[in-house]
Amino acid sequence: MAGVVNYHSSPHKNVREKHINEATWVRWSLISIAVLFIVIMIVLPLALVIVESLQKGFAVYIDAITDSDAFAALKLTLITALIAVPLNTVFGVLVAWAVSKFKFRGKQILLTLIDLPFAVSPVIAGLVFVLMFGAQGYFGPWLADHDIKVIFAVPGIIIATMFITVPFVAREIIPLMQQQGIGEEEAAISLGAKGFKVFWYVTLPNIKWGLLYGIILCNARAMGEFGAVSVVSGHIRGRTNTLPLHVEILYNEYQFSAAFAIASLLMLLAIFTLIVKAIVEWKEGLQSKRESIE
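Residues numbered from 1 in each chain as written. Predicted model: local features only at pLDDT ≥ 70, side-chain atom pairs only at ≥ 80, totals over all residues. Heavy atoms only, no water.

**Let's talk about the overall build of the protein**
Heads up, the condition is: Strands here mean DSSP runs of E at least two residues long; helices mean DSSP runs of H or I at least four residues long; both are numbered from the N terminus. Buried, partly exposed and exposed residues are distinguished by accessible area as a fraction of the type maximum, computed with a 1.4 Å probe on protein chains only: under 20%, between the cut-offs, and over 50%, respectively. Contacts are residue-level and defined by heavy atoms, with any inter-residue pair within 4.5 Å sufficient. Note on areas: Shrake-Rupley with a 1.4 Å probe; residue coverage comes only from the protein chains shown. Under the counting rule used here, the positive set is Lys and Arg, the negative set is Asp and Glu, and His together with the chain ends is not counted. Each charge is placed at NZ for Lys, CZ for Arg, CG for Asp and CD for Glu.
The helix and strand inventory of the protein stands at 13 helices and two strands. Expressed along its principal axes, the backbone C-alpha trace of the protein runs to roughly 65 × 55 × 35 Å. Sorting the 294 residues of the protein into buried and exposed places 33% on the buried side. The contacts in the protein between residues at least 6 apart in sequence include a share of 67% that link residues at least 24 apart. Here the protein displays about 18100 Å² of accessible surface, and carbon together with sulfur accounts for 68% of that area. Side chains of the protein give 22 positive and 20 negative charges; the mean places of these two sets differ by 9 Å.

Right under this line is the structure:
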């Protein structure tokens, strides 16, 4: 599309905003298509989840979400996220620091490996851990001898979730650290700062919004992961079922209202995550505006 770019001057450091002038019908057509697509593919399905969950009445809904198995699934989902997300956050920061601040051979290979969970099917990831930690796996006999259970137990669920969510934090802050460079850290070191103080007072303020954004995305994926967790969990009611697995079991048992009720819990967790994400983006935008004015 051919359009004319307008530059609107600003009194603050000559900040320019670019807008493309197009015919009114073009703009509104594109906007309408985008809104229609979002309504059909996102809003309508989510609304149907709520409608179906309440189809048999509010009492049935409350019974479904307060069931002991549902509570156990919710508890396991939260525990998994509370363990996997902080560990991946630490790993992501360390990897981002290594990639952006140091030169070494194999850097591109490391970046490719970080992205591997994006390319590998979650089901395959689950099977890999079964081959590693299952009864007939490479480490299975040793684990059995030491009475350590990984597959069909909580540790396996956490490990599988960590694998799937590894890239989110690292991939959000690596570009920020690379853009930042090493000049500020070198200046801080020359002034006597060392180690953790350099990171806390120099690096972290520059990446904090990206780090929070990565943590939010990591947490959302951790709570909603199904494929890898399904393979390693064993689907044991009240013990190794997360909320997504519990929804599948209820649906396969034709308990549709209960299944949609549990699905609505996942949806509420997702909406809460999106609200936090929106707040982070809003605050990041405010900080960017303040920095541009200064």
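**Describing the side chain of His-246**
With respect to the helices, strands and loops of the structure, His-246 is situated in helix H12 (residues 243–252). In this structure, His-246 is in contact with Asp-69, Ala-70, Ala-73, Arg-237 and Ile-262, ignoring residues within four places of it in sequence.

**Quick word on the packing of aromatic side chains**
The following threshold applies: Ring geometry is summarised as follows: Phe, Tyr and Trp rings, the Trp one being its six-membered ring, pair when their centres sit within 6.5 Å, and such pairs are stacked at plane angles under 30 degrees, edge-to-face over 60 and tilted between the two. Throughout this description, the term charge over a ring refers to an Arg CZ or Lys NZ atom that lies within 6 Å of the ring centre and within 35 degrees of the ring normal.
Applying the stated criterion across every chain yields a total of seven aromatic pairs. On the basis of an interplanar angle of 90 degrees and a centroid distance of 5.9 Å, the ring pair of Tyr-254 and Phe-256 is categorised as edge-to-face. According to the relative accessible area criterion, Tyr-254 is exposed, its value standing at 66%. Phe-256 gets classed as partly exposed once you look at its relative accessible area, which sits at 35%. Among the aromatic residues, ring-to-ring pairing joins Phe-129, Phe-133, Phe-139 and Phe-163 into one connected group. The ring of Trp-97 is capped by Lys-101, whose NZ or CZ atom sits 5.9 Å from the centre of that ring.

**As for helix H6 (residues 122–133)**
For clarity, the cut-off: A helix is expected to span 1.5 Å for every residue after the first. Throughout, the arc means the angular range of directions from the helix axis out to the C-beta atoms.
An ideal rise of 1.5 Å per residue puts 16 Å on 12 residues; H6 measures up with 17 Å between its terminal C-alpha atoms. Three or more residues of H6 are buried, namely Ala-125, Gly-126, Phe-129 and Phe-133. Taken down its axis, H6 places every buried residue within 100 degrees of arc, on the same side. Considering only its buried residues, H6 is in contact with helix H7 (140–145), helix H8 (154–180) and helix H11 (227–233).

**Some thoughts on the layout of surface pockets**
Rules: Both cavities and pockets are sets of points on a 1 Å grid over the protein atoms alone; in a cavity a 1.4 Å probe fits but cannot get out, in a pocket the set is open with protein on both sides within 12 Å along at least five of seven lines, and lining residues sit with an atom within 4 Å of a point. Grid points are joined across faces, edges and corners, and a volume is the space filled by probe spheres set on the points. Three categories are distinguished: nonpolar for Ala, Val, Leu, Ile, Met, Phe, Trp, Tyr, Cys and Pro, charged for Asp, Glu, Lys and Arg, and polar for the others, with Gly belonging to the last.
Of the pockets and cavities examined, the second largest pocket occupies roughly 220 Å³. Every element with two or more residues in the lining of the second largest pocket is listed here: H6 and H7. A total of three residues in the lining of the second largest pocket trace back to one element, the largest contributor, which is H7. Its residues assigned to classes, the lining of the second largest pocket comprises 10 nonpolar, two polar and two charged.

**Describing the pattern of salt bridges**
This is how the line gets drawn: Any carboxyl oxygen of Asp or Glu that lies within 4 Å of a side-chain nitrogen of Lys or Arg is treated as forming a salt bridge with it.
This structure, assessed with the given rule, holds four salt bridges. Between Arg-237 and Asp-69 there is a salt bridge, with its nearest N and O atoms 3.4 Å apart. Of the two residues, Arg-237 sits in the loop between H11 and H12 while Asp-69 sits in helix H3 (residues 68–101), which places them 168 residues apart along the sequence. Residue classification places Arg-237 among the partly exposed residues on the basis of a relative accessible area of 33%. In this structure, the salt-bridge partner of Glu-225 is Arg-221, at a minimum N-O distance of 2.9 Å. Within the structure, one salt-bridge network assembled from shared partners comprises Asp-69, Arg-237 and Glu-253.

**Focus on the nonpolar core**
Inclusion rule: Among buried residues, the Ala, Val, Leu, Ile, Met, Phe, Trp, Tyr and Cys ones that are joined through side-chain atoms within 4.5 Å form a nonpolar core.
Counting residues in each nonpolar core, the largest one holds 21 residues, and the members touching the most others are Ile-114, Ile-173, Ile-174, Phe-199 and Leu-211. Among the secondary structure elements, those contributing two or more residues to this core are H3, helix H4 (107–114), H8 and helix H10 (195–224). Of all the elements, H10 adds the most residues to this core, at seven residues. Apart from the residues within four sequence positions on either side, Phe-199 is in contact with Val-93, Trp-97, Met-177, Leu-204, Pro-205 and Ile-207. With 15 residues, the next largest nonpolar core counts Tyr-61, Ala-73, Ala-258 and Ala-261 among its residues.

**A few points about unusual backbone geometry**
At Asp-147, a residue that is not glycine, the phi angle is positive and equals roughly 55 degrees. If you trace the backbone, Asp-147 turns up in the loop between H7 and H8. You will see that Tyr-254, though not glycine, has its phi angle at about 65 degrees, which is positive. Tracing the backbone through its elements, the reader meets Tyr-254 in the loop between H12 and helix H13 (256–293).

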